[in-house]
Amino acid sequence: LGGEDMESFLLLDVIPHSLGKGTCIKDTDSCDVFSIIIPKNTPVHEATKAQQYETRHDSQENMGITVYEGEDPTASKNHKLGEFRLTNIRIAPKGEVGMDVTFDINSDGILHVTAKELGRENAADISIISYQNRLTRGEIVKAIITEEEFNT
């Protein structure tokens, strides 16, 4: 391609794997569920997404956030990128305290994950640099093949 053909091309940098956190299904004992916050193939320039979660237990004082990339519905079968804790959560019955968990990828490929208690200034975060603890191209291809086999 060349000349005028190139003017109609738009090259986008996209997220190669879904990004999300491990979570529990409400009112069940299932706590290894992958909650996708940024789906794969999302353009990097649109890669700021948030999701709300709530406390699971009465008088819950903290919440662990484990960040994963991958496509498997079971969180622990995906690639763990990091983890952190939101502490000093307001004491209340389960489900009454909400948290916003925001994933944001900047133009340098750094993933910032923030958990903020709703209605308060209580927050915690982690930054994951794109070249640290990420999947290699080979691992990505293997995961895609595995996903395609799983879906057929």
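Everything discussed here concerns the structure shown above.
Predicted model only: the values in this text are computed from it and were never measured.

Caption draft 1: Up close: the pattern of salt bridges. Tallied over the full model, the rule gives 2 salt bridges. When the shortest N-O distance is used, the salt bridge between Glu 83 and Lys 80 registers 3.0 Å. By relative accessible area, Glu 83 is classed as partly exposed at 47%. With relative accessibility at 39%, the residue Lys 80 sits in the partly exposed group. Where Glu 117 meets Arg 120, a salt bridge forms, and the shortest distance between an N and an O atom there is 3.0 Å. According to the relative accessible area criterion, Glu 117 is buried, its value standing at 0%.

Caption draft 2: Structural detail: the sheet that holds strand β1 (residues 19–23). Pairing within the open sheet is antiparallel, and its 4 strands lie in the order β2-β1-β4-β5. A strand with exactly one partner marks an edge of an open sheet, and here the two such strands are β2 (33–38) and β5 (79–86). With direction set aside, neighbouring strand axes in the sheet form an average angle of 30 degrees.

Rules used in this analysis
Residues numbered from 1 in each chain as written. Predicted model: local features only at pLDDT ≥ 70, side-chain atom pairs only at ≥ 80, totals over all residues. Heavy atoms only, no water. Salt bridge = Lys/Arg side-chain N within 4 Å of Asp/Glu carboxyl O. Buried < 20%, exposed > 50% of the residue type's maximum accessible area, 1.4 Å probe, protein only. Pairing = 2+ DSSP bridges. Helix = DSSP H or I, 4+ residues; strand = E, 2+ residues; numbered from the N terminus. Axes fitted to C-alpha atoms, helices over the stretch in contact; angles between N-to-C directions.

By themselves these figures say nothing about function.
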